[in-house]
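The lines below spell out each chain.
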Amino acid sequence: MKTYFLISLIPYFWYVIYKARKSMHMLQQNWYNDGNRYFKWILDNITRVFITYDLLFIFFVLFKYVKFNASVIIFSIFYIIVYFLYKSKIKKEQSKKPLVITARIKRLYVTMLILYLIGILPMFFLFNENSVYGYYTYIGLIAYLNPFIVMVANIINKPVEKLVYLHYKRQAKTKLYSMKDIKKIGITGSYGKTSTKNFLNDILSVKYNSFATPKSFNTMYGLINAINNYMDKFSEVFVAEMGAFYRGEIKEKANFIKPKYGILTTIGTAHLESFGSRENIQKAKFELIDSLPDDGVAVLNMDDPYQTSYKIKSKCKVIWVSTKDKKADVYAENIKLSGKGTEFTCVFKKSKAKYTFETKLLGNANVYNVLQAIAMSYELGLTFEQIAIGVRRIKPIEHRLELKKMGNIYIIDDAYNSNPVGSKMAVDVLKMMDGKKIIVTPGMIELGEEQYNLNYEFGRQIASSADEVILVGKEQTKPIYDGLKKEKYNEKNIHILNDVKEAFPLMKKLSGKETYVLLENDLPDIFNE
């Protein structure tokens, strides 16, 4: 009897291992529950997490009235069917960023399976045929509660992960500190970090062997990974992007990298929910500038009131940039924005030098990003001619106002992490284009108490710029819908979907002879409705 009971668990574990992929995928996207993000995701998605096929395990209690052999067969067939149903459902789901099977995920799988075995093995050793209905009900329950089992496994693994983290951190520190002459630049801000980092790296590469953290590697794990696995020992400049969700994170990164140079792009409302207030965001972003040595250099944005109002603790040199105020050390004038690119004249106040730069980048916010990169490059000894070569070389960053062609449709891909400043700029870019204009968006997230109002204003901005609006997610886009209605936008031109995949055939159907489609934001899988 024991043998049959054990064999019946094969399809069960097959299902549990597959179901755990979803739980671990969400755990990974929620920074391994840092700040209880994964737990909050579970609470915010009660229906998605708990209305599942395996909820029918509750009927296993009826095995009390069924013969043992029949119970074994029904249990096995149940989990075979549930496995295929669940697999079919997951395949249909939109997955923008799949689960990455890292060493950490593998360790998590091992711990999770040990937890399941600890819960099941006593039944095998103390097996009683008359209690099989109770065994199967309990076993079904712990499969059903898999999201919590994965969370417990993550907690158990924390001491091990801490040791692994410290090992690789020491390795990265040894490598970085052995490069005595390397110029280290930190970049942070609510918006524009990745763009400014890449623009600066492109310009500096004209003169130096410059290395920038790849993609959006802006966490401590990302910085450590970049140094250990990507950075060349011959690098002359290291440009490190530094992101944060909480106070103290940027200080930790700055203490680790020890940059002499720093750029602060813009301070806004990104991650307002986790920071709690704009003041906390301001203090968090200035942790980079406050950590610079007295002989260091900071490039700041004079058009950002959250930067001009802050009292800097470091005695470092400060270079102010602006597109509006000629009191700035470096400012842009004669800015010409078009659907083909941007041109502006850069004025260096101290030397009274002027130089005109051209780039294929779209949008006014990119002028700030390029301007800060130019100011830092000039400080690091590049000539105007070298900087101009670098600026012309700059390519649009993937998913950040990246222009692509698809038949008769031009896609303005601004799908990465939308924010109030960036979304307005993206809509302005769409407005400049000739032809029919369509916007596809799920709205903006993680804006705390201001989320409704900011998305409402976004809807009002869209109203004067787009001929057709495709909203992804009925609930989360309601503020945008309300904003559109406030501006008396034609309801017939508002299309509401629950999956962005449905937007592509729809926008083809709505397109004209020449059509521009703005993809504004592409939420992680954790925000799917």
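What you see is a predicted model; the values in this text were computed from it and never measured.

Draft legend 1. Layout of the overall build of the protein chain. Helix and strand counts for the protein chain come out as 19 helices and 15 strands. In terms of its C-alpha atoms, the protein chain occupies a principal-axis envelope of roughly 95 × 60 × 40 Å. Within the protein chain, the proportion of its 529 residues that are buried is 54%. A separation threshold of at least 6 residues defines the contact pool for the protein chain, and within that pool the share at least 24 residues apart is 71%. Of the charged side chains in the protein chain, 75 are positive and 51 negative, and the gap between their average positions amounts to 4 Å.

Draft legend 2. Looking closely at the sheet that holds strand 15 (residues 515-520). The strand order 10-11-15-12-13-14 describes an open sheet built from 6 strands, whose pairing is mixed. The strands lining the two open edges of the sheet, one partner per strand, are strand 10 (402-406) and strand 14 (494-497). For this sheet, the mean inter-axis angle between neighbouring strands, taken without regard to orientation, is 20°. In the packing of helix 19 (residues 503-510) onto the sheet, the strands contacted are strand 10, strand 11 (409-414), strand 12 (436-441), strand 13 (468-472), strand 14 and strand 15, and the crossing angle to strand 13 comes to about 170°.

Draft legend 3. How the structure looks around unusual backbone geometry. The phi angle at Y32 is positive, at roughly 55°, despite the residue not being glycine. By the secondary structure assignment, Y32 is in the loop between helix 1 (2-29) and helix 2 (37-44). Within the chain, N33 stands out as a residue other than glycine whose phi angle is a positive 70°. Mapped onto the elements of the fold, N33 is located in the loop between helix 1 and helix 2. A relative accessible area of 9% means that N33 is categorised as buried.

Draft legend 4. Quick peek at the sheet that holds strand 2 (residues 210-212). Strand order in the open sheet formed by 9 strands is 2-3-1-4-5-6-7-8-9, and the pairing between neighbours is mixed. The strands lining the two open edges of the sheet, one partner per strand, are strand 2 and strand 9 (353-359). Pairwise comparison of adjacent strand axes, ignoring direction, gives a mean angle of 20° for this sheet. Where strand 4 (residues 261-264) and strand 5 (residues 297-301) come together, 3 bridges link them in parallel fashion. Counterpart to Y261 in the pairing with strand 5 is V297. Helix-sheet contacts for helix 12 (residues 278-290) involve strand 1 (183-188), strand 4 and strand 5, and the interaxial angle to strand 4 is about 155°.

Draft legend 5. Inspection of the packing of aromatic side chains at higher detail. Summed over the entire model, instances satisfying the criterion amount to 43 aromatic pairs. Ring centres of Y18 and Y83 lie 5.4 Å apart, and the angle between their planes is 75°; on these two criteria the pair is classed as edge-to-face. Remark: Y83 occurs in helix 4 (residues 68-92) and Y18 occurs in helix 1; sequence separation between them is 65 residues. In this structure Y18 comes out as buried when scored by relative accessible area, which is 17%. On the basis of relative accessibility, which here comes to 6%, the residue Y83 falls in the buried class. Arranged with centres 6.2 Å apart and planes meeting at 90°, the rings of Y18 and Y86 form a pair that is edge-to-face. Taken together, the positions of Y18 in helix 1 and Y86 in helix 4 put the pair 68 residues apart, joining distant regions of the chain. Accessibility expressed as a relative area gives 7% for Y86, which makes it buried. Taking the ring centre of F245 as reference, the NZ or CZ of R37 above it sits at 4.5 Å. Across the ring face of Y410, the terminal group of K405 is positioned such that the distance to the ring centre comes to 5.2 Å.

Conventions adopted
Residues numbered from 1 in each chain as written. Predicted model: local features only at pLDDT ≥ 70, side-chain atom pairs only at ≥ 80, totals over all residues. Heavy atoms only, no water. Helix = DSSP H or I, 4+ residues; strand = E, 2+ residues; numbered from the N terminus. Buried < 20%, exposed > 50% of the residue type's maximum accessible area, 1.4 Å probe, protein only. Contact = heavy atoms within 4.5 Å. Lys, Arg positive; Asp, Glu negative; His and termini not counted. Charge placed at Lys NZ, Arg CZ, Asp CG, Glu CD. Pairing = 2+ DSSP bridges. Axes fitted to C-alpha atoms, helices over the stretch in contact; angles between N-to-C directions. Phe/Tyr/Trp six-rings, centres within 6.5 Å; stacked < 30°, edge-to-face > 60°. Lys NZ or Arg CZ within 6 Å of the ring centre and 35° of its normal.

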